[in-house]
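# Analysis of the macromolecular model
Each chain, written out:
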Amino acid sequence: MKKNKMPFRIDLEKFYYQKYGTLKPKFKYKLNMWMFDFGFHAVAVYRFGQFTARLKKRNKFLSVPFRILRNILNYHLLYFHFIFISGRAKIGPGFYMPRGRNIIIPGINIGENFTIHHNVTIGTRYIRDIKSTPTIGNNVWVGIGSIITGKISIGNNVTISSGCVISKDVPDGCLVAGNPGRIILRDHDNSSWMRYEIPEFQNKVESKNVKH
């Protein structure tokens, strides 16, 4: 049975499954996450910002209060939790932050089922005043304290270990570690790291396929 799902709905399901091992946790667990999980707050504010941008294109005047609220929420995330996600960033469904602290994401393209831990910077490099930023594929896991910078491509199903500094392309299915980042394993299965597999997302979503 096909269902239409917005990216935030899939984000939400991923948060539930990662934290509680089920897509439908008890109400008290849901309430706790909605109130106190700053990583979830950051993802929700990003999705809200995307909604306000779409609303602005349709009706600039009607979008004003929503844009004001978005700016207030963004300032709160930046100054209290040191999280910045550019409104120009395009991030696919299944966006997950286990810990909401010290994260910078510029206006880049990131695929589906993206997991990013705390103290991570995805940076912009300037060479002779030319701006360059990374592109990140699907099913990518980024560990604590990593740095990704420059005009590089991170492929699908890539695992970036904690403390890794990457400034070169990473092919699909690689495990990367070290400073500078080096490919440790190729054809690495990162499903045990991701713990969650999102449905096919092309406007319509097929039935759930969750890995236990």
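Coordinates for the structure precede this section.
Residues numbered from 1 in each chain as written. Predicted model: local features only at pLDDT ≥ 70, side-chain atom pairs only at ≥ 80, totals over all residues. Heavy atoms only, no water.

Next up on the list: the overall build of the protein chain. Helix and strand content of the protein chain: five helices and 18 strands. Out of the 212 residues belonging to the protein chain, those deemed buried represent 43%. By sequence separation, contacts in the protein chain at least 24 residues apart represent 38% of the contacts at least 6 residues apart. In the structure as shown, the protein chain presents an accessible area of about 12000 Å², 55% of it carried by carbon and sulfur atoms. (Helix = DSSP H or I, 4+ residues; strand = E, 2+ residues; numbered from the N terminus. Buried < 20%, exposed > 50% of the residue type's maximum accessible area, 1.4 Å probe, protein only. Contact = heavy atoms within 4.5 Å. Areas by Shrake-Rupley, 256 points an atom, 1.4 Å probe, with all protein chains shown as cover.)

A word on the sheet that holds strand E10 (residues 141–142). Spatially, E5-E10-E13-E15-E16 is the arrangement adopted by the five strands of the open sheet, whose pairing is mixed. Bordering the open sheet on either side are strand E5 (115–116) and strand E16 (182–185), each of which pairs with just one other strand. One ladder, built from two bridges, connects strand E13 (residues 159–160) with strand E15 (residues 175–177); its direction is parallel. Looking at the pairing, Thr-159 lines up with Leu-175 of E15. (Pairing = 2+ DSSP bridges.)

In terms of strand pairing, E15 meets E16 through three bridges, oriented antiparallel. Residue pairing in the sheet places Val-176 in a bridge with Ile-183 of E16. Connecting E15 to the antiparallel partner E16 that follows it, the hairpin turn spans four residues, and Gly-178 within it adopts a positive phi of roughly 95°.

Judged by side-chain polarity, Tyr-75, Leu-78, Tyr-79, Phe-80, Phe-84 and Ile-104 come together as a nonpolar surface patch covering roughly 640 Å² of accessible area. Following the sequence through the fold, Tyr-75 ends up in helix H4 (residues 64–81). (Patch = residues over 30% accessible without salt bridge, like charges linked within 9 Å, V, L, I, M, F, W, Y side chains within 5 Å. Salt bridge = Lys/Arg side-chain N within 4 Å of Asp/Glu carboxyl O.)

It is worth spelling out the packing of helix H1 (residues 7–20) against helix H2 (residues 27–36) at this point. With their axes 11 Å apart at the nearest point, H1 and H2 run at an angle of 115° to one another. In terms of orientation, H1 lies roughly perpendicular with respect to H2. Relative to H2, H1 is oriented so that their crossing is right-handed. Contacts from Phe-8, Leu-12, Phe-15, Tyr-16, Lys-19 and Tyr-20 of H1 reach H2 at Tyr-29, Lys-30, Asn-32, Met-33 and Trp-34. A class-by-class count of the residues in the contact of H1 with H2 yields eight nonpolar, one polar and two charged. (Axes fitted to C-alpha atoms, helices over the stretch in contact; angles between N-to-C directions. Parallel < 35°, antiparallel > 145°, perpendicular 65-115°, else oblique. Left-handed = near helix turned anticlockwise from the far one by under 90°. Nonpolar A, V, L, I, M, F, W, Y, C, P; charged D, E, K, R; others polar.)

On to the pattern of salt bridges. When the charged atoms of two side chains lie near each other, side chains of opposite charge can form a pair. Counted under the stated rule, the structure contains three salt bridges. Linking Glu-13 and Arg-9 is a salt bridge whose minimum nitrogen-to-oxygen distance equals 3.7 Å. A residue pair is termed a helical-turn pair when its members lie 3 or 4 positions apart in one helix, as Glu-13 and Arg-9 do in helix H1 at four residues. Residue Glu-13 is classed as buried on the basis of its relative accessible area of 5%. Since its relative accessible area comes to 46%, Arg-9 is described here as partly exposed.

This brings us to the sheet that holds strand E11 (residues 147–149). Within the open sheet, the five strands sit side by side as E1-E3-E6-E11-E14. Their pairing is parallel. In this open sheet, the two strands that pair with only one neighbour each are strand E1 (83–85) and strand E14 (165–166). As defined by bridge partners, E11 adjoins E14 across two bridges and the pair is classed as parallel. Bridge pairing links Ile-148 to Ile-166 in E14.

Attention now moves to the packing of aromatic side chains. Aromatic ring pairs are described here by two measures, namely the spacing of the ring centres and the angle between the planes. For the structure on display, the rule yields 14 aromatic pairs. Aromatic side chains Phe-15 and Phe-40 sit 5.3 Å apart centroid to centroid with 75° between the ring planes, which places their arrangement in the edge-to-face category. Placement of Phe-15 in helix H1 and of Phe-40 in helix H3 (residues 38–58) is noted, with a sequence separation of 25 residues between them. Judged by relative accessible area, which is 1%, Phe-40 ranks as buried. Ring geometry for Tyr-75 against Tyr-79: centres 6.0 Å apart, planes inclined by 15°, an arrangement best described as stacked. Linking Tyr-75 with Tyr-79, this pair stays in helix H4, spanning four residues, or about one helical turn. The burial state of Tyr-75 is the same as that of Tyr-79; both residues are exposed. Ring-pair connections join several aromatic residues into one group, and the members of that group are Phe-8, Phe-15, Trp-34, Phe-40 and Tyr-96. (Phe/Tyr/Trp six-rings, centres within 6.5 Å; stacked < 30°, edge-to-face > 60°.)

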